[in-house]
There are 2 protein chains.
Amino acid sequence: MGASGTGSSGDGTVGGLGEFGLIDAVVSRFPVTPDVLLGPGDDAAVVAAPDSRVVASTDLLVEGRHFRRDWSSAHEIGRKAAAQNLADIVAMGARPTALLVGLGAPPDLPSDWALGLADGLAEECGQVGATVVGGDVVRSDDVVLAVTALGDLEGRDPVRRSGAQPGDVVAVAGRLGWSAAGLAVLGRGFRSPRVLVDAHRVPAPPYAAGRAAALAGATSMIDVSDGLLQDAGHIATASDAVLAIESSAVEVADPVRDAAAAFNADPLEWVLRGGEDHALLATFPPGADIPDGFVVIGEVTEGDAGVLLDGRPVTGKAGHDHFA
Amino acid sequence: MGASGTGSSGDGTVGGLGEFGLIDAVVSRFPVTPDVLLGPGDDAAVVAAPDSRVVASTDLLVEGRHFRRDWSSAHEIGRKAAAQNLADIVAMGARPTALLVGLGAPPDLPSDWALGLADGLAEECGQVGATVVGGDVVRSDDVVLAVTALGDLEGRDPVRRSGAQPGDVVAVAGRLGWSAAGLAVLGRGFRSPRVLVDAHRVPAPPYAAGRAAALAGATSMIDVSDGLLQDAGHIATASDAVLAIESSAVEVADPVRDAAAAFNADPLEWVLRGGEDHALLATFPPGADIPDGFVVIGEVTEGDAGVLLDGRPVTGKAGHDHFA
């Protein structure tokens, strides 16, 4: 209907392509899965919710704070934005089904950047069988991404933060400290070790571990987005229990250890307090069969809600406050 | 867990309150409805989806483009942000159940502003029995709002944009031109007529009309967010049909007519091309019992997909391109 952009459609920018041209170009990137009952192009999408419940989580990502266009490609930013939301769904023990994505962009943003972002979103979603079903595109000064993820509990109870019980085992699946190490590398102007830089650009949440934990009877679970100790604190507070973690049980991966040595940094700081790796922290009843991929790092005990690290209370800033 | 902000918690800003303090303060604003199976405070919320499907839509609102803090109160901005998303759900013929809200804010944003926003979101949701079930708070330079709405089809088929058939009646429910008139008033530095300024600040979508249209057998429906003619064009394109609208049948409300006269403007321009009133435009089969609140403004005819106004094709910019 005659919507026109600020430039010619051939100038290679999203402004030139126009709102509706951009939406048309992006939508073709997203496969239609069996969960998509009505995809993009109407006032709202319709997504399957097989067990009559839907799990939903939303994240807002702002350029310069959550990503940098000079540090990450559009494809990487798309993957990361999807990953951090999919991880929230998985941390409930649910199966991710769909994403809705709002993009705020300046008119001079290259169209290829927006399409690369869409490809990254689609690729990451594809890892769990999800897809993008809807969105919004608006003009803004900085690039802003709003991602909402939906999921299906497959008939199970959600695994909440509040179910940890004294006597439970504390276990973690996935990487810790990799993203923080990669950020330290980038912050010092380096581009290698590549494996750490890549880990910062695109996290690798242990998607399959969430469902496995739920099936194994996990009593609580959380996506480790803000740092292991801070997110352990969220479980402790919600469960009114103590999470006693042994630092010696927490794996420090070789690349993280090597980078810390090179920078004269403490690798445990990255592992215990670094965010954005999107590991899964869970508690299991005593005697539970801990699923593959989980490493036991402590136990739940009685006492004033909080986290003990090697027997000492964790105090002060244990992780990330988004206003700090 | 020791999260701390940039200032003391008593300095009256969201930075002083801190991310978690702000979330705690905001969450208490949102009632728990029967659709909320698990509310805010975990990695994700769980919302009822009684007929095993969920309707979902998302919008991104950026300060200075979608709202101005000097023109609207936080409460009004919250109501408007909720309203435009609830209208998308209603336009599918669905019942809104829940909102997820991402807030990007500078640390010096007054806490009272954030709480007023939450109250506005809650109040508008309350009009349809919905509530806020989750969200995210991050730091950003400008205030950014990302709103996702979920809804329940109550066993009905979604009313899409694509079902209009030649012979159908075209009808509209709700206000048209009020928001554009209010914007013109504000843009000229005035604060009255109050009824128009209020209409720009807080739209009044005809929420009940969406379900009524679905029950009456509406063949297509759209939330009029970009302007009547442009959104009619979306139905025309999706349905591959012609929407023939008679301007004489489109109501021009007295306050809109009076303001246009005072500003020497054409009130029909506001009514036909103004956005943000969130009226509902729908088509009904011939002989259908048109629900209360809908006014017949034309008919669907055969031909190349498009909109006719008084028999003449609508060309050029018929409404809003968010990059223009």
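Residues numbered from 1 in each chain as written. Chains lettered and ligands numbered in written order. Predicted model: local features only at pLDDT ≥ 70, side-chain atom pairs only at ≥ 80, totals over all residues.

Can you tell me about the packing of helix α3 (residues 74–90) of chain B against helix α4 (residues 111–126) of chain B, naming the residues and giving the values?
To describe two helices that pack against each other, one gives the angle between their axes and the distance between the axes. Residue and element names in this part refer to chain B. Direction vectors running N to C along α3 and α4 enclose 40°, while the axes themselves pass 6 Å from each other. Relative to α4, the element α3 is oriented oblique. For the element pair α3 and α4, the recorded crossing hand is right-handed. Within the contact between the two elements, α3 uses A74, H75, E76, I77, G78, R79, A81, A82, A83 and L86 and α4 uses W113, G116, L117, A118, D119, G120, L121, E123, E124 and C125. (Axes fitted to C-alpha atoms, helices over the stretch in contact; angles between N-to-C directions. Helix = DSSP H or I, 4+ residues; strand = E, 2+ residues; numbered from the N terminus. Parallel < 35°, antiparallel > 145°, perpendicular 65-115°, else oblique. Left-handed = near helix turned anticlockwise from the far one by under 90°. Contact = placed C-beta atoms within 7 Å.)

Any details on the sheet that holds strand β11 (residues 294–301) of chain A? Residues and values, ideally.
All names here are of chain A. Read from one edge to the other, the open sheet built from 7 strands follows the order β8-β10-β7-β11-β9-β12-β13, with strand pairing classed as mixed. Single-partner strands in this sheet number two, and they are β8 (220–224) and β13 (312–313). Helix α7 (residues 207–215) rests against β7 (169–173), β8, β10 (279–284) and β11 of the sheet, and its axis sits at about 10° to β10. (Pairing = 2+ DSSP bridges.)

I'd like a rundown of the relation of the copies chain B and chain A, residues and numbers included.
Superposing the two chain copies requires a rotation about an axis and a translation along that axis. Overlaying chain B with chain A gives an RMSD of 0.0 Å, the required rotation being 180° about an axis along which the chain moves by 0.0 Å. Overall, the copies show the geometry of a two-fold rotation axis. No C-alpha of chain B approaches the rotation axis more nearly than that of B:S52, which lies at 2.2 Å. When the interface residues of chain B are mapped onto chain A, 99% of them are again interface residues, pointing to one common binding face. (Least-squares fit on C-alpha atoms with pLDDT ≥ 70 in both.)

Just give me the short version of the sheet that holds strand β6 (residues 144–152) of chain B, but keep the residues and values in it.
Spatial ordering of the open sheet is given by β1(A)-β2(A)-β3(B)-β6(B)-β4(B)-β5(B), a layout of 6 strands whose pairing is mixed. Two strands close off the open sheet at either side, each with one partner strand: β1 (36–38) of chain A together with β5 (131–139) of chain B. Strand-to-strand twist of the sheet, defined as the mean angle between neighbouring strand axes without regard to direction, takes the value 25°. Inspection of the sheet shows β1(A) paired to strand β2 (residues 45–48) of chain A by 2 bridges, in the antiparallel sense. Among the inter-strand pairings, A:L38 is bridged to a residue of β2(A), identified as A:V46. Contacting β3 (53–62), β4 (95–105) and β6 of chain B, α3(B) runs over the sheet at an angle of about 30° to β6(B).

A description of α3(B) should follow, citing residues and the corresponding values.
An ideal rise of 1.5 Å per residue puts 24 Å on 17 residues; α3(B) measures up with 24 Å between its terminal C-alpha atoms. Of all 17 residues in α3(B), 16 are buried; the element is thus mostly enclosed. (Expected span 1.5 Å × (residues − 1). Buried ≥ 20, exposed ≤ 12 C-beta atoms within 10 Å, placed from the backbone.)

With reference to specific residues and values, describe the domain arrangement of chain A.
Residues and elements named next belong to chain A. When its domains are assigned, chain A resolves into domain 1 (14–152) and domain 2 (169–313). Contact with domain 1, which involves 16 residues of that partner, is made by 17 residues of domain 2. Broken down by element, the residue count for the side of domain 1 that touches domain 2 peaks at 9 residues, all from helix α3 (residues 74–90). Looking at the side of domain 1 that touches domain 2 residue by residue, the class counts come to 7 nonpolar, 4 polar and 5 charged. (Domains from an automatic or database assignment. Nonpolar A, V, L, I, M, F, W, Y, C, P; charged D, E, K, R; others polar.)

Report on the interface of chain B and chain A, specifying residues and quantitative values.
Frequently, the measure chosen for interface size is the accessible area removed from exposure when the parts meet. Chain B puts 71 residues into the contact, and the matching count from chain A is 71 residues. If you tally residues by element for the side of chain B that touches chain A, the top one is β3(B), at 9 residues. Within the side of chain B that touches chain A, the residues separate by chemical class into 33 nonpolar, 23 polar and 15 charged. Inspection of the sheet shows β2(A) paired to β3(B) by 4 bridges, in the antiparallel sense.

Could you give me a rundown of the pairing of β11(A), with the residues and numbers involved?
Two faces belong to every sheet, and in a regular strand the side chains alternate between them. Residues and elements named next belong to chain A. Where β7 meets β11, 5 bridges bridge the pair, whose relative direction is antiparallel. Considered in β11, the bridge of V170 is made with G298. Across 4 bridges, strand β9 (residues 242–245) lies against β11 in antiparallel orientation. When the sheet's bridge partners are listed, V242 is paired in β11 with T301.

Can you explain unusual backbone geometry? Please cite residues and give values.
Residue A:P193 is bonded to the preceding A:S192 through a cis peptide linkage, with omega at 5°. Its location among the elements puts A:P193 in the loop between α5 (178–187) and α6 (194–201).

Which residues make up the environment of B:A25, and what are the values?
Tracing the chain through its elements places B:A25 in helix α2 (residues 19–27). Taking the C-beta count within 10 Å as the criterion, B:A25 has 15 such neighbours and is therefore assigned partly exposed.

Describe in detail the pairing of strand β8 (residues 220–224) of chain B, supporting the description with residues and values.
All names here are of chain B. Where burial is concerned, most of β8 is hidden: 5 out of the 5 residues are buried. Alternating positions in β8 separate into two faces, S220, I222 and V224 on one and M221 and D223 on the other, with burial throughout. Across 5 bridges, β8 lies against strand β10 (residues 279–284) in antiparallel orientation. Bridge assignment links S220 to a residue of β10, and that residue is T283.

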